[in-house]
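A structural walkthrough
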Amino acid sequence: MKTTHILSDGLQLPLIGFGTSGFRGAKAVQSISSALSAGYRLIDTAYNYENEGTVGAAIRQSSVPRDQILVSSKLPGRYHRYDLAINAIQESLYRTGLEYFDLYLIHWPNPQRNEYVEAWQALIDAKKFGLVREIGVSNFLPEHLDRLQADTGEFPAVNQVELHPTFSQVDQLDYDKRHGILTEAWSPLGGHGHNLLTLAPVLQLAEKYHKSPAQVILRWEVQLGVLPLPLSQNPTRQAENLDVFDFTLTANEVEAIVALDCSGGRVTDQDPKTHEEL
Ligand code: A2P
């Protein structure tokens, strides 16, 4: 099994990253530092998480050198216009105190505003300017990705979407794979307060492999070729969520979890066709 994802321009990402949505302040600096100590090397943030400063502080505090950490952030919908997007990326960098991002994504397509192609052009140029090493999107549907390619000639390297057992995104994943796009998963465990960890097939597999339900779900995502971004404030669970490389689900077991997909399986009501996040 491969040990990293290699993006089209050669940037290597680990098989599991660390999500930080909702993490802010001094306690969050400790959580992110502890994640780095546990071995996470991809830290995912966003302008709208309002914690880029927290992420930057954790990186400065960590004994892991900057060039061994991949930092990813995201452009908010209110800054899709070209000049605003370039300024926002620079502001993101000032907030983190970093000189470059490894990855920068458009957070949501916000199709009603119809400015995401302009945002994409700004990300393409931000890469040329050296502000970011690689660029991608989040929550983009095939129709949005087709349009980026048609209008700029470039597909994103990454598409970060909601993905977990009740929303397994088979079609989106297939589209992304066919176009050389790596799919990342937000809420890979179903997010805060949801009960995917008690679904019967997940519990049975956890028992069979002597792993936790969270480990079964993360392993399933890794085997699908998805890069999950679990978040945890708890150092024991942070370590647990990286420890998924000593067992393998069979093809039937992978399919049994895919079969948990159901309509209404999103843990949010955020459909990218209609969701506006500015
Ligand atoms: P905590 O921070 O207390 O560990 P997601 O990654 O899908 O967004 O889910 C995050 C939620 O899942 C958080 O509430 C987190 O709580 C919890 N969580 C993370 N890892 C585990 C785990 N290994 N076992 C149980 N719950 C977990």
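Criteria and thresholds
Residues numbered from 1 in each chain as written. Predicted model: local features only at pLDDT ≥ 70, side-chain atom pairs only at ≥ 80, totals over all residues. Heavy atoms only, no water. UniProt positions renumbered as here; feature names shortened; annotations may be inferred. Axes fitted to C-alpha atoms, helices over the stretch in contact; angles between N-to-C directions. Helix = DSSP H or I, 4+ residues; strand = E, 2+ residues; numbered from the N terminus. Parallel < 35°, antiparallel > 145°, perpendicular 65-115°, else oblique. Left-handed = near helix turned anticlockwise from the far one by under 90°. Contact = heavy atoms within 4.5 Å. Nonpolar A, V, L, I, M, F, W, Y, C, P; charged D, E, K, R; others polar. Buried < 20%, exposed > 50% of the residue type's maximum accessible area, 1.4 Å probe, protein only. Arc of directions from axis to C-beta. Polar contact = N/O pair within 3.5 Å; in protein donor to acceptor, adjacent residues only side chain to side chain. Phe/Tyr/Trp six-rings, centres within 6.5 Å; stacked < 30°, edge-to-face > 60°. Lys NZ or Arg CZ within 6 Å of the ring centre and 35° of its normal. Pairing = 2+ DSSP bridges. Core = buried A, V, L, I, M, F, W, Y, C linked by side-chain atoms within 4.5 Å.

As recorded by an unreviewed UniProt entry, the chain carries the name 2,5-diketo-D-gluconate reductase and is attributed to Loigolactobacillus bifermentans DSM 20003. According to UniProt, the comment filed for the chain under the heading Sequence similarities (unreviewed entry) is "Belongs to the aldo/keto reductase family."

With respect to the packing of helix α1 (residues 25-38) against helix α2 (residues 52-61)
Where α1 contacts α2, the two axes come as close as 8 Å, and the packing angle between them is 50°. By the criterion of interaxial angle, the relationship of α1 to α2 is oblique. You can see that α1 and α2 cross each other, and the crossing is right-handed. Along its contact with α1, which presents G25, A28, V29, Q30, I32, S33 and L36, the element α2 presents T54, V55, A57, A58, I59 and Q61. Here the contact of α1 with α2 is composed, by residue class, of eight nonpolar, five polar and no charged.

Description of helix α5 (residues 142-152)
Those residues of α5 that fall on the buried side of the exposure criterion are H144, L145 and L148. Down the axis, α5 shows its buried residues gathered within 100° of arc, on one side only. On its buried face, α5 sits against α4 (116-129), β7 (132-138), β8 (158-162) and α6 (170-178). Phi turns positive, to about 80°, at G153, one or two residues after α5.

Here we look at the UniProt feature "active site" (unreviewed entry) in the chain
In the numbering used here, UniProt assigns the "active site" (unreviewed entry) feature to Y49. Following the sequence through the fold, Y49 ends up in the loop between β4 (42-44) and α2. In this view, Y49 contacts T20, S21, R24, D44, K74, H107 and Q160; residues no more than four positions away in its chain are not counted.

Quick notes on the side chain of Q160
Its place among the elements puts Q160 in strand β8. Within the structure, Q160 has its side chain in polar contact with the side chain of D44 (distance 3.0 Å). Here Q160 is in contact with D44, Y49, K74, L105, V137, S138, N139, E184, W186 and L229, once residues within four sequence places are set aside.

Some remarks on the packing of aromatic side chains
When we look at a pair of aromatic rings, we describe it by the centre distance and by the angle of the planes. Overall, the coordinates contain eight aromatic pairs when judged by the stated rule. Where F18 meets F23, the ring centres are 5.9 Å apart and the plane angle is 75°; that geometry is what we call edge-to-face. The exposure classification of F18 matches that of F23, with both residues buried. Cluster of aromatic residues (ring-pair linked, three or more members): F18, F23 and Y40. Sitting over the face of the ring of F247, R219 holds its NZ or CZ atom 5.9 Å from the ring centroid.

Considerations on the sheet that holds β7
Taken in spatial order, the eight strands of this open sheet run β3-β4-β5-β6-β7-β8-β9-β10, and their pairing is parallel. The strands lining the two open edges of the sheet, one partner per strand, are β3 (18-19) and β10 (227-228). For strand β6 (residues 101-106) and β7, the ladder comprises five bridges, and the chain directions are parallel. Across the sheet, residue Y104 finds its bridge partner in β7, namely I135. Sheet strands touched by helix α3 (residues 82-96): β5 (70-75), β6 and β7. Its angle to β6, the strand with the most contacts, is close to 135°.

Observations concerning the nonpolar core
Inside soluble globular proteins, nonpolar side chains tend to come together where they are buried. Y104, W120, L123, V132, W220 and L249 are the most contacted members of the largest nonpolar core, which totals 71 residues. The greatest single-element share of this core, amounting to eight residues, is contributed by α4. Among residues more than four places away in sequence, those in contact with W120 are I106, I135, G136, V137, L148, T152, E154, F155 and P156. Counting residues in hydrophobic clusters, the runner-up holds twelve residues, among them L7, L11, L103 and L182.

What to know about the packing of α4 against α5
The geometry of α4 relative to α5 is characterised by a closest axis approach of 10 Å and an angle of 60° between their N-to-C directions. Between α4 and α5, the interaxial angle falls into the category oblique. Both α4 and α5 take part in a crossing whose hand is right-handed. Contacts between α4 and α5 involve Y116, V117, W120, Q121 and I124 on the former and, on the latter, E143, H144, R147, L148, D151 and T152. The residue inventory of the contact of α4 with α5, partitioned by class, reads five nonpolar, three polar and three charged.

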